[in-house]
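Letter by letter, the chains look like this.
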Amino acid sequence: MSEQIDPILKKEVERRRTFGIISHPDAGKTTLTEKLLLYGGAIQMAGTVKSRKANRHATSDWMAMEQERGISVTTSVMKFNYKDYEVNLLDTPGHQDFSEDTYRVLTAVDSALMVIDCAKGVEVQTKKLMEVCRMRDTPIITFINKMDREGVDPFDLLQDIEDTLHIECAPLSWPIGMGADFKGTYNIHKGELHLFSAIHGGAIQKGEIIKDLSSSRLDELLGDQADQLRDELELLEGAGYPFDKERYLAGKQTPVFFGSAINNFGVQEMLDSFVELAPHPRPRATTTREVSPFESDFSAVAFKIQANMDPAHRDRIAFVRICSGQFKRGMKVRHHRIGKEVQIANATIFMAQDRTGVEEAWPGDIIGIHNHGTIKIGDTFTSTKEELKFTGIPNFAPEHFRRVILRNPLKSKQLNKGLHQLAEEGAVQLFKPLGNNDNILGAVGLLQFDVIMSRLKDEYSVDALYEPVEYHTARWICSDDAKQIDGIKKRYPRFVALDGDGNLTFLAPSQWRLQQAEEEWPKIDFNKTREHE
Ligand code: GDP
C-alpha cells in the first residue's frame, strides 16, 4: 500500500455514498426512491420508478417471469448526483417474496436508509433486513413515512424502533402534527422549520423556512400547533438521545427523519443530511488484511450474479463493487478464485434508467461484468498479484425448503447440472441429505423456487416441480470434535445434508429440534451464515 493518498482518488472516494433502502413492502420505498432520483436530477418526473415495475421488459433484460408477475426478482443499481456527491442507490426487491439477493446487496453498501410506515411501525421484513445490517454494523438513517396519514404517536414510534430493533433513536427532524394536520417538519439538525404545501405531482417545492422557534410568525402560521411543537421539542430534549455521529457510524444509533415521500415532505432535508452524515466507502475485510478504499491499487468483489438477456448462452452479469483504486475500461485484473488475468472490456455502469459503458469508476461504484458463468459470488478482482479474498458476502440460512421432483427421469443428469450451476450462481441453495437422494432447495424468499423451475426449463430443458418438505430452518455445522459430527450424522441422516459446496448442514424440522441438537452436541457450532469459498 502506498503511503501517500492520490488526491484525485481521495476526492472521488470522499464524495461517494453507496447505500440501500430497507423496508417492509408498502412502506413507501419505491416512492421515496423516485423522489431521491428526482432530487438527484436522474429523472424529471415522478412516476418513472413505478412504471419501471410494470413495464420493465421494454428497457431491460430481466427474466420473462418477472415481467409476468410484474414484481422485482432482481436488484438494480441507481446512480445519481446530488450536490457534489455521487450517490449509488442499490435497490432491493420490494415484494414480500424477496430473495437472498436482498441480503447480499446489503453486504455491498456502506450505509442504509430504513423506511417505516408511521401507521405500522417496525414490521417483519424491516426486522430481518436490520439483522443483516447488524452483521456489519451498517450505519442506518431512518425515514418515518406517510405522516400525512393518521399514525402512531411519534414518541411511541421512536420507542417501537428502540425496543424492536435495539438501536438508539436520535430524531433530527420532528413532525408538526400528523394526518390532516400535518404541516411539515422542524429540522432539529439545522435548527430550521420547514413548512410545505402538499403536492402530489412530484415537482420539487421549497416551502417557507423559519429559523427562530420563538418567533410569532410560527404562531401565526401554526396556531395551537406552534406551542405543541415547542412542548414536544422540549420533551424530546429530556427523553431522546442527542445525535452522536460516532454512534451512528458504529451502527448503534439511528438519526430519524419524519416526512411524507409522496408529498415531498421532509425528503430533501433527509437527503441533505444523508449525504452529509452517511459514510463514504469504508475499508473492507479480506482473509488477510483490511483494504482501504484509498489504496491506489484496484480491488473489487462480486456480490450478486444476474441472469442476462439470453439465458440459453448462460450470459450473466456479475455485480461487482469496487473496494479500492480506480477502475478503467479495458484494464487487466486478476480473477483470484481461478487465478487468471482477465481483461474487463465491457463493464457496465448502472444509471437510473439506462446502462452505459463505463470508462472509469471508483470505490463504492458498482460495475456489471458480463461473463458466461465464470464469476461466482464472493470472487475478488485486483490489479496486483497480492493474494486477496474479500470476506463478508455470506450465504444466509434459508427460511424455506422444497424438494425437487423431476417429471422426466431420463433428465436427471441435466437436472443435477442445472441445480448445481444455479446454486453456484447464488440463485438458490442446494442441499443433499446424507440419507437419501433428494434434491432439497433452500431459499430466503419463496419466489426463488418459481424462478428456479422456470430457469431449469428455459436454460436446461428440464421439466421439474417442487413439493413441500418437513424442514424448517438450516444451520451450517462444524466442530473440532469429529466424534460429535459423526454422532449427529448417524443420528439424523435425513437432517444432515451437504450444501452445494460440500459443507455439512443441519436441516432442522423445527426450532425446537434445532435447539435440542444444539444441546445434545455442545461442541458443534451451528452457524446461521457461511462465507462463500
Ligand atoms: P414499497 O412497496 O415500499 O415500494 O411502497 P410504495 O412506494 O410502492 O408505496 C406503497 C403505497 O403507499 C403506494 O400506494 C404509495 O402511493 C403510498 N405512499 C407512499 N408514500 C406515501 C406517503 O407519504 N403518504 C401516503 N399517504 N401514501 C404514501
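Residues numbered from 1 in each chain as written. Predicted model: local features only at pLDDT ≥ 70, side-chain atom pairs only at ≥ 80, totals over all residues. Heavy atoms only, no water.

Student: Got a sec to walk through the overall build of the chain? Specific residues and values, please.
Tutor: Scanning the chain from N- to C-terminus turns up 15 helices and 33 strands. In the chain, buried positions account for 56% of the 533 residues. At a minimum sequence separation of 6, the contacts of the chain that also span at least 24 residues come to 73%. Carbon and sulfur atoms provide 49% of the accessible area of the chain, an area that totals close to 22400 Å². (Helix = DSSP H or I, 4+ residues; strand = E, 2+ residues; numbered from the N terminus. Buried < 20%, exposed > 50% of the residue type's maximum accessible area, 1.4 Å probe, protein only. Contact = heavy atoms within 4.5 Å. Areas by Shrake-Rupley, 256 points an atom, 1.4 Å probe, with all protein chains shown as cover.)

Student: Pulling in residues and values, what's your account of the packing of aromatic side chains?
Tutor: Applying the stated criterion to the full structure yields 17 aromatic pairs. Taking 4.8 Å as the distance between ring centres and 55 degrees as the angle between the ring planes, the aromatic pair formed by Phe-155 and Trp-174 counts as tilted. Here the residue Phe-155 occupies a position in helix H7 (residues 154-165), and Trp-174 occupies one in strand E7 (residues 173-176), the gap between them amounting to 19 residues. With a centroid separation of 6.4 Å and an interplanar angle of 85 degrees, the aromatic rings of Phe-495 and Phe-506 are classed as edge-to-face. One end of the pair, Phe-495, is in the loop between helix H14 (482-491) and strand E30 (496-499); the other, Phe-506, is in strand E31 (residues 504-508), with 11 residues separating them in the sequence. The structure contains a cluster of three or more aromatic residues connected by ring pairs, namely Phe-401, Phe-431, Tyr-471, Tyr-492, Phe-495, Phe-506, Trp-521 and Phe-526. Over the ring of Phe-319 we find Lys-304, and its NZ or CZ is 5.0 Å from the ring centre. (Phe/Tyr/Trp six-rings, centres within 6.5 Å; stacked < 30°, edge-to-face > 60°. Lys NZ or Arg CZ within 6 Å of the ring centre and 35° of its normal.)

Student: Describe the state of the cysteines, naming the residues involved and giving the relevant values.
Tutor: Taken as a whole and judged by the stated rule, the model has 0 disulfides. Note on Cys-169: no disulfide assigned, nearest cysteine sulfur contributed by Cys-133 at a separation of 15 Å. Look at Cys-169 and you get buried, because its relative accessible area is 1%. (Disulfide = S-S within 2.5 Å.)

Student: Quick rundown of the site of the ligand? Include the residues and the values.
Tutor: Around the ligand there are 17 residues in total, and Asp-26, Thr-30, Thr-31, Asp-148 and Ser-260 lie nearest to it. Between an oxygen atom of the ligand and a side-chain N or O atom of Thr-31, the distance comes to 2.5 Å. Here Ala-261 contributes a backbone N or O atom positioned 3.1 Å from an oxygen atom of the ligand. The fraction of the free accessible surface of the ligand (580 Å²) that becomes covered by protein chains is 83%. (Near = heavy atom within 4 Å. Polar contact = N/O pair within 3.5 Å; in protein donor to acceptor, adjacent residues only side chain to side chain.)

Student: Hey, could you go over the confidence of the model for the chain for me, with residue numbers and the actual values?
Tutor: Low pLDDT marks regions whose predicted coordinates should not be analysed in detail. Averaged over every residue, the pLDDT of the chain is 86; residues scoring 70 or more account for 86%. Across residues 50-62, where pLDDT falls below 50, the model places 21 contacts with residues more than four positions away in sequence or in other chains. Throughout residues 200-204 the model reports pLDDT below 50, and contacts reaching past four residues in sequence, or to other chains, amount to 13 contacts. For this predicted complex, the interface confidence score (ipTM) comes to 0.99, while the overall pTM stands at 0.89. (pLDDT = per-residue confidence, 0-100.)

Student: Give me the pattern of salt bridges: which residues, what numbers.
Tutor: Taken as a whole and judged by the stated rule, the model has 36 salt bridges. Note that Arg-403 and Asp-438 form a salt bridge whose closest N and O atoms lie 2.9 Å from each other. Taken as a pair, Arg-403 in strand E25 (residues 400-406) and Asp-438 in the loop between strand E26 (429-433) and strand E27 (440-443) lie far apart in primary sequence, 35 residues in all. On the basis of relative accessibility, which here comes to 19%, the residue Asp-438 falls in the buried class. (Salt bridge = Lys/Arg side-chain N within 4 Å of Asp/Glu carboxyl O.)

Student: I'd like a rundown of the sheet that holds strand E2 (residues 77-82), residues and numbers included.
Tutor: The 7 strands are arranged E2-E3-E1-E4-E5-E11-E6 in an open sheet whose pairing can be described as mixed. The open sheet is flanked by E2 and strand E6 (168-171), the only strands paired with a single partner. Strand-to-strand twist in this sheet, taken as the mean axis angle between neighbours without regard to direction, amounts to 30 degrees. As judged from the 4 bridges shared by E6 and strand E11 (residues 253-258), these two strands associate in the parallel manner. The residue bridging Glu-168 from the neighbouring strand is Gln-253, located in E11. (Pairing = 2+ DSSP bridges. Axes fitted to C-alpha atoms, helices over the stretch in contact; angles between N-to-C directions.)

Student: Lay out the packing of helix H12 (residues 412-425) against helix H13 (residues 447-460) with the relevant residues and their values.
Tutor: Between H12 and H13, the least distance of the axes is 10 Å, while the angle of their chain directions is 120 degrees. When the interaxial angle is binned, H12 and H13 end up oblique. Between H12 and H13 lies a crossing whose hand is right-handed. Contact residues: Gln-414, Leu-415, Gly-418, Leu-419, Gln-421, Leu-422 and Glu-425 in H12; Ile-452, Arg-455, Leu-456 and Tyr-460 in H13. Residue classes in the contact of H12 with H13 are distributed as 6 nonpolar, 3 polar and 2 charged. (Parallel < 35°, antiparallel > 145°, perpendicular 65-115°, else oblique. Left-handed = near helix turned anticlockwise from the far one by under 90°. Nonpolar A, V, L, I, M, F, W, Y, C, P; charged D, E, K, R; others polar.)

Student: How would you summarise the side chain of Ser-273 if you had to cite specific residues and measurements?
Tutor: As for its placement among the helices and strands, Ser-273 is situated in helix H11 (residues 267-277). Judged by its relative accessible area of 0%, Ser-273 falls in the buried class.

Student: Tell me about the packing of helix H2 (residues 29-39) against H11, and name the residues and values.
Tutor: Where H2 contacts H11, the axes come no closer than 10 Å and their chain directions differ by 70 degrees. Regarding the angle of H2 to H11, the classification is roughly perpendicular. Contacts between H2 and H11 involve Leu-32, Lys-35, Leu-36 and Tyr-39 from the first element and Val-267, Gln-268, Met-270 and Leu-271 from the second. Residues that form the contact of H2 with H11 fall into these classes: 6 nonpolar, 1 polar and 1 charged.

Student: So what's going on with the sheet that holds strand E29 (residues 473-478)? Which residues, and what values?
Tutor: Strand order in this open sheet of 8 strands is E28-E25-E27-E26-E30-E31-E29-E32, and the pairing throughout is antiparallel. Edge strands, defined here as strands with exactly one partner in the open sheet, are strand E28 (464-468) and strand E32 (525-527). Across the sheet, the axes of successive neighbouring strands diverge by a mean angle of 40 degrees, strand direction being ignored. Here E25 runs beside E28; their pairing, made up of 5 bridges, is antiparallel. The residue bridging Arg-403 from the neighbouring strand is Glu-467, located in E28.

Student: Describe the pairing of E27, with residues and values.
Tutor: The side-chain alternation of E27 yields two buried faces, one formed by Ile-440 and Gly-442 and the other by Leu-441 and Ala-443. Of the strand pairs in this sheet, E26 and E27 are connected by 3 bridges, and their pairing is antiparallel. By the bridge assignment, Phe-431 is partnered in E27 with Ile-440.

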